[in-house]
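Coordinate analysis (summary)
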Amino acid sequence: MTEIHLAQLLFARTALAPDPADGSFWMPPQVSTIAHSVDWLFNFILAISVFFFVLIVVVMVVFVLKYRRREGQTAESSPSHNTALEVTWTVIPVLLVIVIFFFGFKGFLDMATPPANAYEIMVEGQKWKWSFTYPNGYVDENLHVPVDRPIQLVMSSADVIHSLYVPAFRIKMDVVPGRYSKAWFEATQPGEYDLFCAEYCGTGHSTMLAHVVVHPPGEFETWLDKASDFLATMSPVDAGRKLFQARGCTQCHSMDGSAKTGPTLLNVFGRREKLSNGTTITVDENYIRESILEPAAQVVAGFEPVMPTFQGRLKDQEIMAIIAYLKAPAEASKGSSS
Amino acid sequence: MAEAISAPGGGAGVDHTASDDNYLTHGKGILSWLFTLDHKRIGVMYLVAILSSFFLGGVFALVLRTELLTPGQTIITADSYNKMFTLHGAVMIFLFIIPGIPATLGNFVLPLMLGAKDVALPRLNLASFWLWLTGATVAVASIIIGAVDTGWTFYTPYSTTTGTAVIPMTLGVFILGFSSIFTGLNFIVTIHKMRPEGMTWFRMPLFLWGIYATAIIQVLATPVLGITLLLLVAERTLGVGIFDPALGGDPILYQHFFWFYSHPAVYIMILPAMAIMSELVSVFSGKHIFGYKFIAWSSIAIALLSFLVWGHHMFTSGQSGLTNMIFSALTFSVAIPSAVKVFNWLATMYKGSIRLAAPMLYALSFLFLFAIGGLTGLFLGSLATDIHLHDTYFVVAHFHYVMFGGTVIAFLGGIHYWWPKMFGRMYSERWAQLSALLIFVGFNLTFFTQFVMGSHGMPRRYYNYLERFTAYHQASTVGSYILALGFFVMAGYLLHSLVAGERAPANPWGGATLEWETSSPPPYYNFKHDLRAGDPYDLDALRWDPEIKGYVRKDPGSVLLSPGEAS
């Protein structure tokens, strides 16, 4: 049975491929142009592995049953060395691994070489959030792409090493501070897919997730135009809330009163905070702005100066929207009390 | 001199019943153990210490698996989980599996297999045990002052910026490294200088070949780990920019340094296991080992090739495509000697007379599990598939099949094989079978499920996970409980055997290597006579003696060196 399995794979590459949209016992759905060849190689190695595994176990079981010790019986004599046999079982695996190596390398070259016309999206990883910057400067927390178009990701990290992993696309690439790494893919089916961080990065590693949204033909541009315009179409408070979530603020600052890596920003506006240098300040627009652009300048007592700067990463108008969002509870209570 | 202290009843050859004055009773009190120079006692102390580490690492593993019963929080927080998996990895690797077989069984058996009184450098041997204790204490003490949350790999810049106790843990590992180097050095010298009359290099038991190959790696690779960890400490404490890009360093450089040690270290773990396998398969098949020279050379080949494959841990790190290609190709080369060994062990069983005693059950388990562990390495050595599988549970499953399914299983086989020699007692065969079965079933349930969830995209080191992985995680956790039960059964019957086990004969299994030419347990001085070595796999030279329920040499004089011959 195993041999048939192997033969099918060798001679009819697609015979075993299930409907790519469903995934198989081993693999998630195939949604990129390279997924098919990765899975083919996976199945090829699987067939070789199953063949050798079955061979080893069957031989072992047969020998155990056939040559099981019986009372008063000792081992039959047989040679303890056979050069021809030993060379054979050395050479056959050598040939097989050369074949596996070749296909693995060939597939890797396809994965490592983006087409010249790829659409470029900048990716930044930071504990514990992804952000995706589109060519027009718009930043989103999820990766939106058009279907059937090669996409190149140019990635960097604001803190430690992360790794961008989309199982449905079979791509993974480390995101390293201090350098740019690249990955590319071409999605073949509209839909939503999971994007993980695959390199351990601390407390929130397992929640450093995002969605890849693959838009049907023609819809990506419409989405991008609409999304990019959020500062104009949303109220400042709503825009601020969106930014607060999309840009990773929530990873360290809660809005429910609990302290995380940073202090909670629930009702932060107007609050008196004790600083690590012993002084006390009242949180106002200037303090919020300074904390975004120069986070280490005045740190609230009890917290580490670990926040990365957003200098150059947030526009003025965006900072104002965030201030408006943080100010909203204070404004509301002012409104109700007066 | 040995003649003068021959035990009562001893004529020519071995005493089949142990004297009351053996190495266990020779010298009383805790200090006679702690400062002993006797390789056997050092081996036994290592065994206790290393199995305690295994227990500790196992408890961490059970906490992890229990936490993973449900997505989100089950019993502990994300930060505790991260510390727990780091401790599980660090304890299992640096305290348990790297010293594991060489320090325990190697220490006990190696000089006996050479017919020698001790290792070449007994004081260094004791020093390496004390270094192990010191390093282990420092590493475990890091738990008290906050533990470490970096993963056992200490990747920068996470490890240089996290607030946890990285320095105590890395210093502990640094000290443990010296223990490992000293042990390796000692074994190399001992094997070179203390082989008995008749034991040419190609008449050495394959156990010694495996330990020798391991020792080469210990001596050559471990210093790199030491230096790397010191650089890490220098960066954390002094702010010297080596690995952290914020200080002008390169985080990928750390990975190169780290894996330059830690990949060869994988073979520090598996070579001694293969070494045990060669003894078990031959003795319990009642057959001469098949293809002795291929097995011996494959150990050396593995030791050398192991230095050339570290980059396969870094296929997604952003290293160049050319580098990836070279490391992928070299990685496949190291698969071949392992495959050759497996085929040789199978061929040894051909036309044998196979006894399914506990050590052989572990040897058969090893063949089954190591086959899976080795073959799944092909998926990871191949570039296109590794990109998808890297840092997922597929990798976790792969290395547990190799490290646990391979090394730990062979270690257990070795413990069951030499237990009668070490303690002079037989354990309950029936309970041993039950325990071996539980471990085999529990292990496969725990880790096979991890292959499937990994290839579906479940990343490793995840505290939380998506709903669709729940069934796999729960099956895996149930498996880990069965596995733990197997180990509790084992602890039970092994401890029971120490007090109530049947007395072991000198040679219960019919092995032809020299450690069986002395009583069980051996006397303090190991052998009554100077010995000469013959073919270590000439099992036909032995016959079963029903009276003593053990094996005896058909010609007892064949292994004795007459006084005039001694060089």
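Residues numbered from 1 in each chain as written. Chains lettered and ligands numbered in written order. Predicted model: local features only at pLDDT ≥ 70, side-chain atom pairs only at ≥ 80, totals over all residues. Heavy atoms only, no water.

Observations regarding the sheet that holds strand S6 (residues 162-166) of chain A
All names here are of chain A. The criterion, for reference: Being paired, for any two strands, means DSSP has found at least two bridges between them. The helix count covers DSSP runs of H or I at least four residues long, the strand count covers runs of E at least two residues long, and both are numbered beginning at the N terminus. Note on method: axes are straight lines fitted to C-alpha atoms, helices fitted across the in-contact stretch only, with angles between N-to-C directions ranging 0 to 180 degrees. We call two residues in contact when some of their heavy atoms are within 4.5 Å.
If you walk across this open sheet you meet the 5 strands as S4-S10-S9-S6-S7, and the pairing is mixed. Strands at the two margins of the open sheet, each flanked by one partner only, are strand S4 (143-146) and strand S7 (171-175). Averaged over all pairs of adjacent strands, the angle between their axes in this sheet comes to 20°, without regard to strand direction. Strand contacts of helix H4 (residues 219-228): S4 and strand S10 (210-215), with the helix running at about 140° to S4, the strand carrying the most contacts.

Some details on the interface of chain A and chain B
Definition in use: Note on definitions: buried area is the accessible-area loss of two parts on being combined, 1.4 Å probe, summed for both. The working definition used for a salt bridge is a side-chain nitrogen of Lys or Arg within 4 Å of a carboxyl oxygen of Asp or Glu. Each polar contact in these results corresponds to two N or O atoms within 3.5 Å; when the atoms are within protein, one needs to be able to donate a hydrogen and the other to accept it, and residues that are neighboring in sequence are counted only if both atoms are side-chain atoms. Each residue gets one label: Ala, Val, Leu, Ile, Met, Phe, Trp, Tyr, Cys and Pro are nonpolar, Asp, Glu, Lys and Arg are charged, and the others, such as Gly, are polar.
Taken together, the contact pairs 75 residues of chain A with 85 residues of chain B. Together, the buried faces of chain A and chain B total about 7,100 Å²; carbon and sulfur atoms form 70% of this surface. A per-residue breakdown of the area chain A buries against chain B is headed by Arg-69, Trp-89 and Tyr-200 of chain A, which together make up 11% of the total. In this structure, the connection of chain A to chain B is made through 2 salt bridges. The closest approach of N and O atoms between Arg-179 of chain A and Asp-250 of chain B, which form a salt bridge, is 3.0 Å. Seen at the junction of chain A and chain B, the total is 26 residue pairs in polar contact (both at pLDDT 80 or more). The set of elements that each furnish at least two residues to the side of chain A that touches chain B consists of helix H2 (35-66), helix H3 (83-112), S7 and strand S9 (191-197) of chain A. Here the side of chain A that touches chain B gets 15 residues from one element, more than from any other, and that element is H3 of chain A. Grouping the amino acids of the side of chain A that touches chain B by side-chain chemistry returns 45 nonpolar, 18 polar and 12 charged.

Notes on empty space enclosed by the protein
All names here are of chain B. Worth spelling out the cut-off: Of the grid points, spaced at 1 Å and generated over the protein atoms alone, those admitting a 1.4 Å probe that cannot get out make up cavities, while open sets with protein on both sides within 12 Å along at least five of seven lines make up pockets; any residue with an atom within 4 Å of a point is treated as lining. Grid points are joined across faces, edges and corners, and a volume is the space filled by probe spheres set on the points.
For the coordinates displayed, the defined rule picks out 7 cavities of 30 Å³ or more. By volume, the second largest cavity amounts to about 130 Å³. Surrounding the second largest cavity, 17 residues form its lining, Phe-94, Ile-98, Pro-99, Leu-176 and Ser-180 being those nearest its centre. Of all the secondary structure elements, the ones that give two or more residues to the lining of the second largest cavity are helix H4 (100-113), helix H7 (166-193) and helix H8 (206-238). Tallying contributions element by element places H7 first for the lining of the second largest cavity, with 6 residues. Along the lines of polarity and charge, the residues of the lining of the second largest cavity split into 11 nonpolar, 6 polar and no charged.

Observations regarding the sheet that holds strand S3 (residues 139-140) of chain A
All names here are of chain A. Pairing is mixed across the open sheet formed by 5 strands, whose spatial order is S3-S2-S1-S5-S8. Among the strands making up the open sheet, the edge pair consists of S3 and strand S8 (181-186). Here 5 bridges tie strand S1 (residues 119-126) to strand S2 (residues 129-133), and the two strands are oriented antiparallel to one another. Across the sheet, Val-123 pairs through a bridge with Phe-132, a residue of S2.

A short note on the nonpolar core
A general trend in soluble globular proteins is that nonpolar side chains are found buried together. In plain terms, the rule: We define a nonpolar core as any set of buried Ala, Val, Leu, Ile, Met, Phe, Trp, Tyr and Cys residues linked to one another through side-chain atoms lying within 4.5 Å. The cut-offs for exposure are 20% and 50% of the maximum accessible area for each residue type, with area from a 1.4 Å probe on protein chains only; residues under the lower value are buried, those over the upper are exposed, and the others partly exposed.
Formed by 286 residues in total, the largest nonpolar core has its most connected members in Leu-164 and Phe-169 of chain A together with Phe-94 and Met-349 of chain B. The element best represented in this core is helix H9 (residues 251-285) of chain B, accounting for 21 residues. Apart from the residues lying within four places of it in its own chain, the contact partners of Leu-164 of chain A are Val-123, Trp-130, Phe-132, Leu-153, Met-155, Ile-171, Lys-172, Met-173, Val-175, Leu-195 and Phe-196 of chain A.

Points about the pattern of salt bridges
Oppositely charged side chains may form a pair once their charged atoms are brought near each other. Taken as a whole and judged by the stated rule, the model has 14 salt bridges over all chains. For Arg-170 of chain A, the salt bridge identified is with Asp-39 of chain A, shortest N-O distance 2.6 Å. Taken as a pair, Arg-170 of chain A in the loop between S6 and S7 and Asp-39 of chain A in helix H2 lie far apart in primary sequence, 131 residues in all. Asp-39 of chain A sits in the buried class, given a relative accessible area of 6%. Here Glu-517 of chain B makes a salt bridge to Arg-553 of chain B, at a shortest N to O gap of 2.7 Å. You can see Glu-517 of chain B sitting in the loop between helix H16 (470-500) and strand S1 (542-545) and its partner Arg-553 of chain B sitting in strand S2 (residues 550-553), a full 36 residues away along the chain.

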